[in-house]
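Observations on the model geometry
Residues per chain are reported as follows:
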Amino acid sequence: MLTKKRKSTLLTLSILMGLTSCTQASEVIQTPDVVVTATKTQQEVKAVPNAVVVITSEDIEQLGATDIYSALKLATNVDVSQIGAGHRLMVRGKNAGALVLLDGRRMSNEYSSMTRGAFDLDKINLSSVERIEIVRGAASAQYGADAESGVINIITKKSKEQSVTVGANTGTDVMNNYYRFDLGQQGKFNGVVNANFAKYRKREFVGGTGTNYFGPRTNYDFSGTYAFDDSNNLDFYIGYYDEKSKKITDYSSMGMGKSSTNYDKTNQDYSIAYNGKGDNSNYMIRAYYNRYDKEEYKGSKNNGYKQNTFDTLGIEAKNTVQAGDEHLLTYGVEYKNIGVEGPILALGEGNSKDNSAYAGYIQDEWFINDKILFIPAVRYDHDEQFGGKTTPKLGATYFLSDNSRIKANWGKSWRAPNLVELYAGQDHGFTTIYGNPDLRPEEATTWELGFEAEKDNNWLKLNYFNSKYDNLITYDKVNGKNTFINAQDAKTDGVEFEVGRQFNDNWSIRATSNWLNAKDSDGEKVSATADNISTLELDYDDNDINGYSAKLWNSWVSNYHYANENYDYNTLNFVVNKKFAFDDGRNGRIYAGVDNIGDKKIGDIYLEGRIWRVGAEITF
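This write-up is about the structure you can find in this document. This is a predicted model, so every value here is computed, not measured.

About the thresholds
Residues numbered from 1 in each chain as written. Predicted model: local features only at pLDDT ≥ 70, side-chain atom pairs only at ≥ 80, totals over all residues. Heavy atoms only, no water. Helix = DSSP H or I, 4+ residues; strand = E, 2+ residues; numbered from the N terminus. Rg over C-alpha atoms; globule rule 2.2 N^0.38 Å. Buried < 20%, exposed > 50% of the residue type's maximum accessible area, 1.4 Å probe, protein only. Areas by Shrake-Rupley, 256 points an atom, 1.4 Å probe, with all protein chains shown as cover. Lys, Arg positive; Asp, Glu negative; His and termini not counted. Charge placed at Lys NZ, Arg CZ, Asp CG, Glu CD. Pairing = 2+ DSSP bridges. Core = buried A, V, L, I, M, F, W, Y, C linked by side-chain atoms within 4.5 Å. Contact = heavy atoms within 4.5 Å. Patch = residues over 30% accessible without salt bridge, like charges linked within 9 Å, V, L, I, M, F, W, Y side chains within 5 Å. Salt bridge = Lys/Arg side-chain N within 4 Å of Asp/Glu carboxyl O.

Let us now look at the overall build of the protein. Along the protein, the regular secondary structure elements total five helices and 34 strands. For the protein, the C-alpha radius of gyration of 24 Å lies close to 25 Å, the compact-globule estimate for 620 residues. On the principal axes, the C-alpha backbone points of the protein span a range of 70 × 55 × 50 Å. When burial is assessed residue by residue, the protein has 56% of its 620 residues classed as buried. With the model as given, the accessible surface of the protein reaches about 25,700 Å², and the carbon-plus-sulfur share is 54%. For the protein, the distance from the average position of its 69 positive side-chain charges to the average position of its 82 negative side-chain charges is 2 Å.

Before going further, it helps to spend a moment on the sheet that holds strand 3 (residues 51–56). The five strands are arranged 3-9-10-7-8 in an open sheet whose pairing can be described as mixed. Among the strands making up the open sheet, the edge pair consists of strand 3 and strand 8 (105–106). Bridge count between strand 9 (residues 129–136) and strand 10 (residues 150–156): seven bridges; the pairing is antiparallel. Bridge pairing links Glu 133 to Asn 153 in strand 10.

This part takes up the nonpolar core. General note: in soluble globular proteins, nonpolar side chains tend to be found buried as a group. One finds Ile 68, Leu 72, Ile 132, Ile 134 and Ile 154 to be the most contacted residues of the largest nonpolar core, which totals 30 residues. Counting only elements with at least two residues in this core, the list comes to strand 3, helix 2 (57–63), helix 3 (68–71), strand 4 (78–83), strand 5 (86–91), strand 7 (98–102), strand 9 and strand 10. Residues in contact with Ile 154, not counting those within four places in the same chain, are Ile 68, Val 100, Leu 101, Leu 102, Asp 103, Ile 124, Val 129, Arg 131 and Ile 132.

A separate point is a nonpolar patch on the surface. Side chains of Leu 394, Tyr 398, Leu 400, Ile 406, Trp 410, Trp 447 and Leu 449 sit close together on the surface and give an oily, nonpolar patch of about 600 Å² of accessible area. At the level of secondary structure, the elements contributing two or more residues to the nonpolar patch comprise strand 22 (387–401), strand 23 (404–415) and strand 24 (442–455). Take the nonpolar patch: its biggest share by element is three residues, from strand 22. In this fold, Trp 447 is placed in strand 24.

Enumeration according to the criterion identifies 40 salt bridges in this entry. Two residues, Asp 146 and Arg 106, come together in a salt bridge whose shortest N-O distance is 2.9 Å. With Asp 146 in the loop between helix 4 (140–143) and strand 10 and Arg 106 in strand 8, this pair connects stretches of sequence that are 40 residues apart. Comparing Asp 146 with Arg 106 shows no difference in burial state: the two are buried. Notably, a salt bridge pairs Asp 541 with Lys 579, separated by 2.9 Å at the nearest N-O pair. With Asp 541 in strand 28 (residues 532–541) and Lys 579 in strand 30 (residues 565–581), the pair connects residues that are 38 residues apart, well separated along the chain. Judged on exposure class, the residue Asp 541 and its partner Lys 579 are both buried. Here the salt bridges do not stand alone but share partners, grouping Lys 46, Arg 405, Lys 407, Glu 452 and Glu 454 into one network.

Next up on the list: the pairing of strand 31 (residues 587–595). Inspection of the sheet shows strand 30 paired to strand 31 by eight bridges, in the antiparallel sense. Residue pairing across strands places Phe 574 opposite Val 594, the latter belonging to strand 31. Taking the residues that link successive antiparallel strands as the turn, the strand 30-strand 31 hairpin has five residues, and the phi of Gly 585 there is positive, at about 100 degrees. Bridging between strand 31 and strand 34 (residues 611–619) involves nine bridges; their strand directions are antiparallel. Looking at the pairing, Ile 590 lines up with Ala 616 of strand 34.

A positive phi angle is found at Lys 40, which is not glycine, with a value near 65 degrees. Following the sequence through the fold, Lys 40 ends up in the loop between strand 1 (34–35) and strand 2 (43–44). Assessed through its relative accessible area of 4%, Lys 40 is described here as buried.

By themselves, these observations are geometric and do not establish any function.
Set out below in structure tokens:
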């Protein structure tokens, strides 16, 4: 139950410590009990009505993860798979329905008829990640277009104290070495430099269709904060990514040979934000720009050379203000411009197109009484291509007691067709899908109801969700060509269940089970979805700075539907960490892990068998 004292604490927490989606280096809360993505203010995970998962840097270490992709593998109802040159992120069974953010800002994606907006997670240094916040459900009222089924916000580490971290890992997929230089507080300035050097190994797909994208990739980023005084600071971020990869495709099944393609990719990312505090408010003004360039050629740049550029410019302002004793208002405005240039578009000379949009939103965190937190929000977006769109959302948490609560949400969301879906024209051989400038935005209505409780060392989460999608974008034959169309409606509903127990200071167990019913308007099951995914996870940590931690888990997948086939499989996985702490202040760890210990292989769904990794890291 929320007492007056408790309400005051929560309000003060939101106002004094949160506004900028974890961009204020001096004010980041380092705890899994607080989330910023759900409401754009820092709020307790237990209090927010949304279904939320927080993956901390400690969780990432215990998983033995070597990239963002592997860090998400145990996230509730999030399916991440390799597709084309990026990763397909499906939240609650919706393809291209989740918005991926880096420190609260949008990133440029590689839109193509093959990837349809798949996000290249390798552009982000895992060693620089402090936490990953995942909000499931409609989020367009806070974030606008593309947040149909949820938001994944990757939040980077801020400067703490002077230190140097050096790490390396190797395994089935990749060899990495990475470096982190924390400059600490230097007068009014603090900053962090990260560098990562990776080489992805060549792997033949089980299905005999070719190889992965293999070759070297480098990644650098620099972030910092300059504090003018205790109430005003300037945050900035600079990132650069470079990839030289190659992919071999085997067309033997079609009576042809193998084809080799080279890819040179770069990504530039810039952001600057001014953060300030008033007597009862926090405000932020931010501008950011990122550009993704992709060159593609056969053997040499004189053979089949293509270059496409994708860029995003964003400007936003936001204010959070306490209005009386029971209301915390957040409101803001945003502008974005997304551009695509290159032969991927079919627009004649120049092959360049951009699209602008502006938006305004307001949200109220209203403590109606000691038991009810009510959060209404509404947003208006005006898209240059599609006109105005209003998306409301209502969320509420009812506190049955200090250790149990009921959560409810209802909201509208939408996704605008991207520029490639509208204007695609680049020839991809067997995979060409042409754009359609008459496409309409996807729209969705979602409601959900959940229950959460803790007693002694036990916890339980149970959530039901229901989403109806209109104007889903797919493709079909139009005048003899594969063309994007608005052809389907769809409905997804399901149950998300989690239960766990902390046996003692060292041992804990957690079980999850997610049921999903995702069907289109013809009653056909949505591709790349499973009826049920369940996990059983056993954790050990001796809590000794020179000790061990370990994680053993099994995942069961039932009726995974892909290419008109259904698949059942399970994988057993294990990782162990050995920690070290030295008298001179140095600390480190070594770790080893194996995914899919039983070496299960299903080529049609890219289940590629056993994957191992070992690594070491030291900070001094």
